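Coordinate analysis (summary)
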Amino acid sequence: MNNILKIFTAAVVGAVLSTGSLMAREGDQISIVGSSTVFPFSTIVAERFAKNTDFKAPVIESTGTGGGAKLFCAGIGLDHPDVTNASRAMKSSEKETCTANGITPVEYMIGFDGITFSNSNKAQKYSLTKEEIFKAVSAKIMSNGKMVDNGYKRWSDINPSLPSVKIDVLAPPPSSGTRDAFVELVMHDTCKKVYKMPKKGDDGYKALCSALREDGAVTEAGENDNLIIEKLAANQDRFGIFGYSFLDQNKDKVQGSVINGVAPSMGTIADSSYKVSRPLFFYVKKEHVGVVPGLQEFSDYFMSLAVSGSPLEAAGLIPKP
Amino acid sequence: MLATLLISIGLNGYSALQQAYFKLDISVNTEKFVDDSGAPDNNKMNLFNWDGLVQSALREFFPEVKDRDEKKELFAIISANAGYDLKEIIKKKALGSGSHTLSVWLHLSDDADQYLKGRLSIDIPEEDRRINNKQIAWVNSLVERDIAKLKFNKTFFTSADSREPESAGILGSVIGSALTLFVTIMFALPLAVMAAIYLEYFAKPGKITDFIEVNVNNLAAVPSIVFGLLGLSVFLSTFGLPRSAPLVGGLVLGLMTLPTIIIASRASIRSIPPSIREAALGLGASKMQAALHHVLPLATPGILTGTIIGMAQALGETAPLLMIGMVAFIIDIPTTFTSSATAMPVQIYMWSDSAERAFYERSSLAILFLVAFLISMNLLAVVLRRKFEKKW
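Residues numbered from 1 in each chain as written. Chains lettered and ligands numbered in written order. Predicted model: local features only at pLDDT ≥ 70, side-chain atom pairs only at ≥ 80, totals over all residues.

When helices and strands are counted, chain A shows 13 helices and 13 strands. Dimensions of chain A, computed from the C-alpha atoms along their principal axes, are close to 80 × 55 × 45 Å. Taking contacts inside chain A between residues at least 6 apart in sequence as the whole, the part at least 24 apart equals 72%. (Helix = DSSP H or I, 4+ residues; strand = E, 2+ residues; numbered from the N terminus. Contact = placed C-beta atoms within 7 Å.)

Structure (structure tokens):
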């Protein structure tokens with residue numbers, strides 16, 4: 001027993017001593033954080049980059065766009081990530097934090113992602129306008145120039161030409177970039193362009209048009225988009241909101257609704273005729289270029305793959321036309 | 001209940017034990033990538049067009065494919081990593097300089113794999129499918145010629161994560177889990193045993209001892225994510241330990257299992273009849289000697305049982321690992337306590353979140369693997385207790 005104790009003590013002391021001499025990260029590895037939407041594309045690039053060069057494989061975490069920006073802008077040095085992925089442009093507040101910490105983020109735009117409003121492909125394919133989607137999911141709707149609680153129960157209540165089916169929508173959680181983009185591109189857009197609401201003030205559209213219904217017509221699903229697809233396949237009356245890449249991989253189960261007359265597809269998203277799409281980015285810490293091996297090469301490689309006909313397109317990224 | 005769960009996961013996952021491979025006879029002149037002594041030159045190997053080599057060998061089976069778009073569809077039935085895999089095979093073979101002809105088995109793509117396993121329904125319109133009619137005809141023709149077939153999925157057990165389901169495996173996460181658990185046990189077990197002996201035999205009853213006891217019992221009920229937050233702020237921010245490292249993961253999980261082991265150890269020590277210790281003290285042993293030489297050996301089975309159950313709990317945790325960056329996409333198999341690593345439950349979580357259909361069966365198989373691990377650990381705990389337990 002005494003011997004065992006000695007071995008234990010030696011091992012613990014050894015482990016503690018050996019870490020004391022180490023840096024915060026093994027410095028030859030690129031560290032990437034950020035958006036869960038860009039994550040699948042970033043991982044494809046990282047794998048090919050590692051397999052085709054002598055650089056070590058980057059480590060990629062999916063922290064969400066906001067979480068990634070926070071980690072990225074926290075400081076310079078190997079304790080902090082080199083790259084952050086984003087499903088929206090960096091906010092000015094985030095840029096300020098970065099500048100305050102002496103960081104110069106270099107922006108790379110890699111392409112677009114469409115957001116789809118999909119249902120099971122065994123059900124009827126819907127053709128909707130942004131306003132109709134707004135009326136189905138928003139907590140408040142416009143009635144006689146005032147915002148009132150949403151009382152629509154069936155799609156036919158919104159537009160008599162739509163089927164008489166109960167409104168049942170699975171929405172992504174507030175933590176996801178898809179939700180942010182949906183709220184901005186569909187809900188805010190409707191309030192701004194259709195209802196002509198002002199931007200600022202108590203009745204500005206950001207205050208009134210951001211909340212989803214809580215009366216059972218809209219259910220918040222988890223971050224797992226595969227689960228949403230399973231649920232749509234199981235219930236034909238249900239709709240789900242998720243990124244185009246998931247629709248692309250699961251076309252044998254679900255179909256994307258036509259929005260404002262345009263169906264989601266690679267082509268319509270790339271030429272921006274499908275209106276519910278957003279640009280995707282990654283940001284590189286300029287101060288780390290040349291310090292972390294392969295950082296510049298990785299960025300160039302990412303951009304060289306963000307073109308049509310590349311494996312990123314096959315995974316659902318819509319490259320710049 | 002458990003049986004239903006396991007059977008349903010098993011039905012989803014058993015097919016991941018097999019993987020679609022195809023055989024290529026490739027003739028290659030190694031002069032293009034060996035140096036003067038005949039050893040492979042890394043730089044030249046990286047520059048060599050491996051994909052081109054695989055693709056031209058594949059095209060020999062289908063000489064009728066000429067159109068550019070058609071070629072692209074043809075190459076989509078083989079793994080995107082086929083060229084890389086070939087490079088690794090040739091690197092390992094260490095062929096000397098000169099021309100060689102060798103026949104290699106490479107992966108078909110995940111879509112072709114799922115089709116061959118009957119997991120892609122083909123009775124829906126062609127444009128909605130992941131695999132089109134032409135590709136199905138090509139795959140079938142390869143199968144008829146006995147060039148493509150389902151073989152045991154060795155890759156699943158020998159490689160780390162990948163974005164291509166056909167090249168993804170659990171070895172990276174298994175080693176990550178092993179390294180993490182090693183740190184956990186090294187950190188938690190000695191500390192917990194010492195704490196238990198102290199609390200049982202040396203601590204003077206009083207306010208401070210009560211305070212420690214209440215703390216230990218409460219710590220056992222703290223949600224695991226809180227330990228992750230603690231790890232983030234203490235180990236990463238204050239001590240500057242590396243992100244995503246098994247060392248930090250092990251320390252965090254060690255803190256989490258510490259109270260479990262302390263409580264089990266104390267119960268075990270308390271169940272040893274006081275006469276053993278009193279006899280030792282009566283014969284002139286010091287308090288320390290009585291505890292270490294006489295009580296502790298008898299209490300070991302109980303302590304080990306508690307430890308193994310604590311370890312099993314730590315093996316299944318993902319939440320604390322999220323905060324310290326072990327939930328990440330990592331291609332390299334970890335080798336040291338400070339290299340980036342994930343753990344098995346994290347790997348399952350990440351695969352279940354991937355869009356590619358072929359990851360579905362792989363995550364099911366990985367779940368079975370993890371559950372088998374947990375059951376055998378618990379079994380070991382039961383066996384140990386049965387074998388060494390003494391009735392007084």
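Let's pick the thread back up.
What follows covers the overall build of chain B. Summing up its helical and strand segments, chain B has 17 helices and 4 strands in all. Taking 21 Å as the expected radius of gyration for a compact globule of 392 residues, we find that chain B reaches 28 Å, considerably beyond that expectation. Principal-axis analysis of the C-alpha atoms places the extent of chain B at approximately 95 × 55 × 40 Å. Sorting the 392 residues of chain B into buried and exposed places 43% on the buried side. Partitioning the intrachain contacts of chain B with sequence separation of at least 6 by distance along the chain shows that 76% fall at a separation of at least 24. (Rg over C-alpha atoms; globule rule 2.2 N^0.38 Å. Buried ≥ 20, exposed ≤ 12 C-beta atoms within 10 Å, placed from the backbone.)

Each partner contributes to the interface: chain A provides 37 residues, whereas chain B provides 39 residues. In terms of residues, the side of chain A that touches chain B owes the most to one element, helix α2 (residues 39-52) of chain A, which gives 8 residues. Its residues assigned to classes, the side of chain A that touches chain B comprises 16 nonpolar, 11 polar and 10 charged. (Nonpolar A, V, L, I, M, F, W, Y, C, P; charged D, E, K, R; others polar.)

Membership of the largest hydrophobic core comes to 148 residues, with the highest contact counts inside it found for A:Val169, A:Phe282 and B:Val248. Of the residues forming this core, the biggest block, 13 residues, is contributed by helix α9 (residues 171-202) of chain B. Excluding its chain neighbours within four sequence positions, the residues that come into contact with B:Val248 are B:Gly231, B:Phe235, B:Leu236, B:Leu241 and B:Ile324. By size, the runner-up hydrophobic cluster in this structure holds 22 residues, among which are B:Phe22, B:Ile90, B:Leu106 and B:Leu142. (Core = buried A, V, L, I, M, F, W, Y, C linked by C-beta atoms within 7 Å.)

It is worth spelling out the domain arrangement of chain B at this point. Structurally, chain B comprises domain 1 (19-153) and domain 2 (171-388). Relative to domain 2 of chain B, the C-alpha centre of domain 1 of chain B lies at a distance of 45 Å. (Domains from an automatic or database assignment.)

Attention now moves to the pairing of strand β10 (residues 239-243) of chain A. Residue and element names in this part refer to chain A. Judged by how many residues are buried, β10 sits mostly within the fold: 5 of 5 residues are covered. The sheet contact formed by strand β4 (residues 105-120) and β10 spans 5 bridges and is antiparallel. The residue of β10 that forms the bridge with Ile-115 is Gly-243. Pairing of strand β8 (residues 169-171) with β10, which is carried by 2 bridges, proceeds in the parallel orientation. Along β10, the bridge assignment pairs Leu-170 with Gly-240. (Pairing = 2+ DSSP bridges.)

Here the focus is the environment of B:Leu95. Note that B:Leu95 resides in the loop between α5 (82-93) and β2 (99-107). Beyond its immediate chain neighbours, meaning those up to four positions away, B:Leu95 contacts B:Thr30, B:Ile90 and B:His100.

Right, let's talk about the packing of helix α11 (residues 224-238) of chain B against helix α12 (residues 246-270) of chain B for a bit. Residues and elements named next belong to chain B. The N-to-C vectors of α11 and α12 enclose an angle of 130°; their axes lie 9 Å apart at closest approach. With respect to their mutual orientation, α11 and α12 come out oblique. Two packed elements cross with a definite hand, and for α11 against α12 that hand is right-handed. Contact residues: Ser-224, Phe-227, Gly-228, Leu-230, Gly-231, Phe-235 and Leu-236 in α11; Val-248, Leu-251, Val-252, Leu-255 and Met-256 in α12. Among the residues forming the contact of α11 with α12, the class breakdown is 9 nonpolar, 3 polar and no charged. (Axes fitted to C-alpha atoms, helices over the stretch in contact; angles between N-to-C directions. Parallel < 35°, antiparallel > 145°, perpendicular 65-115°, else oblique. Left-handed = near helix turned anticlockwise from the far one by under 90°.)

As a further point, take the domain arrangement of chain A. Residue and element names in this part refer to chain A. According to the domain assignment, chain A consists of domain 1 (27-112 + 279-314) and domain 2 (113-277). Every contact between the two is made by 10 residues of domain 1 and, on the other side, 14 residues of domain 2. Of the residues contributing to the side of domain 1 that touches domain 2, the split by class is 3 nonpolar, 6 polar and 1 charged.

To continue, consider unusual backbone geometry. Residue and element names in this part refer to chain A. Not every positive phi belongs to a glycine, and Lys-196 is a case in point at roughly 55°. Phi angles above zero are rare outside glycine, and Asn-260 is one such case at about 50°. Accessibility expressed as a C-beta count within 10 Å gives 15 for Asn-260, which makes it partly exposed.

Time to look at the sheet that holds strand β3 (residues 148-152) of chain B. All names here are of chain B. The 3 strands are arranged β2-β1-β3 in an open sheet whose pairing can be described as antiparallel. Strand pairing shows two members of the sheet lacking a second neighbour, β2 and β3, which therefore form its edges. Strand-to-strand twist across the sheet, computed as the mean angle between neighbouring axes with direction ignored, equals 40°. Strand direction decides the pairing type here: strand β1 (residues 18-29) and β3, joined by 5 bridges, are antiparallel. If you follow Phe-22 over to β3, its bridge partner there is Ala-148.

For the rest of this paragraph, the subject is helix α3 (residues 65-72) of chain A. All names here are of chain A. Of the positions making up α3, those classed as buried are Thr-65, Gly-68, Ala-69 and Phe-72. Along the axis of α3, the buried positions cluster into a sector of 100°, meaning they face one direction only. Considering only its buried residues, α3 is in contact with β1 (31-34), β3 (83-86), α4 (92-100), α7 (177-194) and β13 (277-285). (Arc of directions from axis to C-beta.)

A few words now on the pairing of β1(B). Successive residues of a regular strand alternate their side chains across the two faces of the sheet. As paired elements, β1(B) and β2(B) share 9 bridges and run antiparallel to each other. The residue bridging B:Ser27 from the neighbouring strand is B:Thr101, located in β2(B).

Residue and element names in this part refer to chain B. Structurally, Arg-130 can be placed in the loop between α6 (110-116) and α7 (133-144). For Arg-130, a count of 21 C-beta atoms within 10 Å puts it in the buried group. Counting along the chain gives 15 residues from Arg-130 to Tyr-115, while the straight-line C-alpha distance between them is 9.3 Å. In this structure, Arg-130 is in contact with Asp-111 and Leu-120, ignoring residues within four places of it in sequence.

When two helices pack together, you describe them by how their axes are tilted relative to each other and by the distance separating the axes. Residue and element names in this part refer to chain B. At a minimum axis separation of 8 Å, α9 and helix α16 (residues 344-352) run at an interaxial angle of 145°. Where α9 approaches α16, its residues Ser-173, Val-174 and Ser-177 are matched on the opposing element by Met-344, Val-346 and Gln-347. Taken together, the residues of the contact of α9 with α16 break down into 3 nonpolar, 3 polar and no charged.

We now examine the confidence of the model for chain B. Across chain B, the average pLDDT comes to 89, with 99% of residues at 70 or higher. In the predicted complex, the global pTM is 0.82; the interface-specific ipTM is 0.81. (pLDDT = per-residue confidence, 0-100.)

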